[in-house]
Amino acid sequence: MDFSFTEEHEMVRKMVREFAEREIAPTIKEHDRNQTFDETLLPKMAEQGLLGICIPVKYGGAGMDYISLGIACEELERVDTSARVILSVHVALNSLALLQWGTEEQKQKYLVPQALGERIATFGLTEPNAGSDVASIQTTARRDGDSYILNGEKMWISLADVADNFLIFAYTDKSKRHRGMSAFIVEREFPGVETGTIHGKMGVRAGNTGYISLQDVRVPAENLLGQEGEGFKIAMSALDNGRYTVAWGAVGLIRACLEASVRYANERYTFGVPIGQHQLVQQMIAKMAQRLDAGQLLCLKAGWMKNQGLRNTRETSMAKWYCCDAAFESASDAVQIHGAYGYSDEYDVERYLRNSKGAVIYEGSREIHTILQAQYALGYRQDKPLRCELPAYDQEEWEAEE
Amino acid sequence: MHAIVCIKSVPDTTEVRFDPETNTLIRDEVESIINPFDTYAIEEALRLKEAHGGKVTVLSMGPPKAEKELKEAIAMGCDEAVLLSAREFAGADTWATSYTLAQAIQKVGDYDIILCGKQAMDGDTGQVGPGIANQLGLPQLTYVFKIREIDFTERVIEVERLLEEGREVVRSRLPAVLTVVKDINQPRYPTFRGIRRARRMQIPVWAPADLEGADPRYFGLSGSPTKVVKIFTPPKREGKVEMIEGETPEEIADILSDKLIESKVI
């Protein structure tokens, strides 16, 4: 048993913290207010190697482990959720799914440029009428010679309007329900692909969220990820990775709330003392500290399991559920501690509160995770081995050039 | 090209505290970082390496945990590192520090340029860079804002120095010791490749026995001519705000200028 971070993890944390504070923090308020996505951010993240952080070096990645991915998410979301979302969709939901399920050809063609940050990737599962109820998606893929013809509409897709590669889930055989779902690698350049941005979100307003419209999009058969009918399993396994990054990000948001609240509680005086002296303020701060520690431990356990190659659907769900609720509560308390100032965008905490709400909804709503955990506890749910598991982190293999 | 960069591990806080017994900085408890000014020296050395080829060696004298800062320099792209760490080196003033670093630089050998930050943000003296130059008998180019020209074949360098009264252009022979100001560049972030390299690297630790030919009487506290009589935190300055009121901006300006003349500011 060892609870310490490695020297390498500490260096990753410091590097990403500096990066976030220097490259994101100075302009985040403006982008959030104007609902604009910082176009300069992706090239900077690519140059820094963040877009392939836990991908093996031979596939263009940085060769770090899954805990480094988590730490990077924590440090990015400590500054703003929109930056963490990039790692969630590009690395966790898309690139790790290619690493887990892709053929060597698919890895060379798609994973390598994604890990290098030359192509940006996202994940297209959710639809206007299908979120938690994944099996009710309506997008279809019809086999036609050496290709599939895709039709449908994806909604609430992070980086929809920015990404080059999409992992699209569609029915190849609707009669088989979720056993008839398949996953496809779709390029923006394929005729019939159109995307747009959704404005008016409550939070993550500096993030790009949008829709993908697919009209008779011809996708080569070699772009089928996994086998026909494996789409649902691929989607769920990808969510084990996406949720993992969301959970870590939420820890970063709690950390930001705690830091801001402690600073303010020492500065602001009421009734002749700093407000940190008031017990009801202390209670809110103590709970934030508690959530930070508990949340980080849940994330670390999930990360350790990923590194070991152990199935972690239950643990990741637990971390995501707990951390996202905890972040929302912490942000709400942070606004409370800041009083009227916290209610204005002069301080960052109102942005934290707006940002934290989304994660209670996306990547498995609070309700979905509650039910999952009940099912695990009651013995109604067991995870069966997958045909392709996320590979365990092997330092030597990850760092090998060939 | 071989550049040697001297860095210092300093506490990561502006709230530096002193031990009233020994009159030295309290280094425990607080996280340490590379002295911020030294990161510009590292960056400049890495840029020289990129432009001219060669290698960068980073050198530090400090406690064993200063290895962390050397590893960070490796993660930024430096090639080699050496830590000078021993009980005998402890408590050194700027003279003894310069002496010890100069001895280590001679042992590393084969250098073309030595770079330091203009000063450390804890001790704030700015003396170690020039001290090293003096010990090695090398030209010293302090407060360097820009390297205008450098030629390792002709062994000449031309720099712009940032001075209070303006800028000064100086030419010198190489090798030389440069101390750099923060306007010279923007330090890079560590890279993942660098972090992986830093993890694998075993940083050599040198003690007095490793510095052959050095006079042990000049190390550490006993080798320090500086005697610190007293160090204290100055009392906070009491500021006072006075709002100047008047009918017109001209009137307000007149009152202000009178007050400034009265208090001998202008």
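Residues numbered from 1 in each chain as written. Chains lettered and ligands numbered in written order. Predicted model: local features only at pLDDT ≥ 70, side-chain atom pairs only at ≥ 80, totals over all residues.

1. Quick notes on the overall build of chain A
- The secondary structure content of chain A amounts to 11 helices and 10 strands.
- Taken over the C-alpha trace, chain A has a radius of gyration of 21 Å; the compact-globule value for 402 residues is 21 Å, and the two agree within 12%.
- Based on the C-alpha atoms only, the size of chain A along its principal axes is roughly 80 × 45 × 45 Å.
- Summarising the internal contacts of chain A: among those between residues at least 6 apart in sequence, 75% fall at separations of at least 24. (Helix = DSSP H or I, 4+ residues; strand = E, 2+ residues; numbered from the N terminus. Rg over C-alpha atoms; globule rule 2.2 N^0.38 Å. Contact = placed C-beta atoms within 7 Å.)

2. With respect to the interface of chain B and chain A
- Contacts between the two partners involve 11 residues from chain B, matched on the other side by 13 residues from chain A.
- Those elements that place two or more of their residues in the side of chain B that touches chain A are helix H2 (67-76) and helix H5 (192-200) of chain B.
- It is H5 of chain B that contributes the most residues to the side of chain B that touches chain A, 5 residues altogether.
- Taken together, the residues of the side of chain B that touches chain A break down into 6 nonpolar, 1 polar and 4 charged. (Nonpolar A, V, L, I, M, F, W, Y, C, P; charged D, E, K, R; others polar.)

3. Side note on the pairing of strand E8 (residues 113-117) of chain B
Residue and element names in this part refer to chain B.
- For E8, a buried count of 5 out of 5 residues is recorded, marking the element as mostly surrounded by other parts of the structure.
- Of the two faces of E8, the one lined by Ile113, Leu115 and Gly117 and the one lined by Ile114 and Cys116 are each fully buried.
- In this sheet, E8 lies alongside strand E1 (residues 2-7) in parallel orientation, the contact comprising 4 bridges. Residue Ala3 lies in a different strand from E8, and its bridge partner there is Ile113.
- Both E8 and strand E12 (residues 176-180) contribute to a ladder of 5 bridges, which runs parallel. Paired with Cys116 across the bridge in E12 is Thr179. (Buried ≥ 20, exposed ≤ 12 C-beta atoms within 10 Å, placed from the backbone. Pairing = 2+ DSSP bridges.)

4. What about the sheet that holds E1 of chain B?
All names here are of chain B.
- The strand order E11-E10-E9-E12-E8-E1-E6-E7-E13 describes an open sheet built from 9 strands, whose pairing is mixed. Two strands in the sheet have a free side with no partner beyond their single neighbour: strand E11 (166-173) and strand E13 (205-206).
- Relative to strand E10 (residues 156-163), strand E9 (residues 140-151) runs antiparallel, the two sharing 6 bridges. Looking at E10, one finds that Asp151 is bridged to Val156.
- Packed on one face of the sheet, helix H1 (residues 36-52) meets E1, strand E6 (55-61), E8 and E12 and runs near 150 degrees to E8.
- In the packing of helix H4 (residues 128-136) onto the sheet, the strands contacted are E1, E8, E9 and E12, and the crossing angle to E9 comes to about 65 degrees. (Axes fitted to C-alpha atoms, helices over the stretch in contact; angles between N-to-C directions.)

5. Here's the deal with the packing of helix H7 (residues 279-308) of chain A against helix H8 (residues 313-342) of chain A
Residue and element names in this part refer to chain A.
- Between H7 and H8, the least distance of the axes is 9 Å, while the angle of their chain directions is 160 degrees. Accordingly, the angle class assigned to the pair H7 and H8 is roughly antiparallel. Judged by the twist between their axes, the crossing of H7 over H8 is left-handed. Contacts between H7 and H8 involve Val281, Met284, Lys287, Met288, Arg291, Ala294, Gly295, Leu298, Cys299, Lys301, Ala302 and Met305 from the former and Glu315, Thr316, Met318, Ala319, Tyr322, Cys323, Ala326, Ser330, Asp333, Gln336 and Ile337 from the latter.
- Here the contact of H7 with H8 is built from residues that sort into 14 nonpolar, 4 polar and 5 charged. (Parallel < 35°, antiparallel > 145°, perpendicular 65-115°, else oblique. Left-handed = near helix turned anticlockwise from the far one by under 90°.)

6. Some remarks on unusual backbone geometry
- With an omega of -5 degrees, the peptide bond between Leu174 of chain B and Pro175 of chain B qualifies as cis.
- Within the fold, Pro175 of chain B resides in the loop between E11 and E12.
- Its identity is not glycine, yet Glu363 of chain A carries a phi of approximately 55 degrees, on the positive side.
- Tracing the sequence through the fold places Glu363 of chain A in the loop between helix H9 (349-361) and helix H10 (366-378).
- Positive phi outside glycine occurs at Lys264 of chain B, with the angle close to 60 degrees.
- Residue placement: Lys264 of chain B occurs in the segment after helix H6 (249-262).
- Classification of Lys264 of chain B by C-beta neighbours within 10 Å gives exposed; the count is 6.

7. A short note on the packing of helix H3 (residues 66-79) of chain A against H7 of chain A
Residues and elements named next belong to chain A.
- The geometry of H3 relative to H7 is characterised by a closest axis approach of 8 Å and an angle of 145 degrees between their N-to-C directions. Residue-level contacts link Tyr66, Ile67 and Gly70 of H3 to Cys299, Leu300, Gly303, Lys306 and Asn307 of H7.
- Considering only residue class, the contact of H3 with H7 consists of 4 nonpolar, 3 polar and 1 charged.

8. Description of helix H6 (residues 231-267) of chain A
- Helix length check: H6 of chain A (37 residues) gives 53 Å between terminal C-alpha atoms against 54 Å at 1.5 Å per residue, within 8%.
- Burial within H6 of chain A is extensive, with 30 of its 37 residues counted as buried. (Expected span 1.5 Å × (residues − 1).)

9. Here we look at the domain arrangement of chain A
Residues and elements named next belong to chain A.
- Assigned domains of chain A: these are domain 1 (7-120), domain 2 (122-229) and domain 3 (233-391).
- Inter-centroid distance (C-alpha atoms) of domain 1 to domain 3 is 20 Å.
- Contact residues are listed per partner, giving 25 residues for domain 1 and 26 residues for domain 3.
- Contributions of two or more residues to the side of domain 1 that touches domain 3 are made by helix H1 (7-34), H3 and helix H4 (81-101).
- No other element matches H4, which puts 11 residues into the side of domain 1 that touches domain 3.
- Grouping the amino acids of the side of domain 1 that touches domain 3 by side-chain chemistry returns 12 nonpolar, 4 polar and 9 charged. (Domains from an automatic or database assignment.)

10. Section: the confidence of the model for chain B
- Here chain B averages 91 in pLDDT, and 94% of its residues register 70 or above.
- Two numbers describe this predicted complex: its pTM, 0.90, and its ipTM, 0.88. (pLDDT = per-residue confidence, 0-100.)

11. Here we look at helix H3 (residues 94-108) of chain B
All names here are of chain B.
- For H3, which comprises 15 residues, the first-to-last C-alpha distance of 21 Å matches the rise-based estimate of 21 Å (1.5 Å per residue) to within 8%.
- Counting buried residues in H3 gives 11 out of 15 residues, a clear majority hidden from the surface.
- Taken residue by residue, H3 has Thr94, Ala96, Thr97, Ser98, Tyr99, Thr100, Leu101, Ala102, Gln103, Ala104 and Ile105 as its buried positions.
- The inward-facing, buried residues of H3 contact E1, E6, strand E7 (80-84), E8, H4 and E13.
- Positive phi shows up at Gly109, right after H3, with a value of about 70 degrees.

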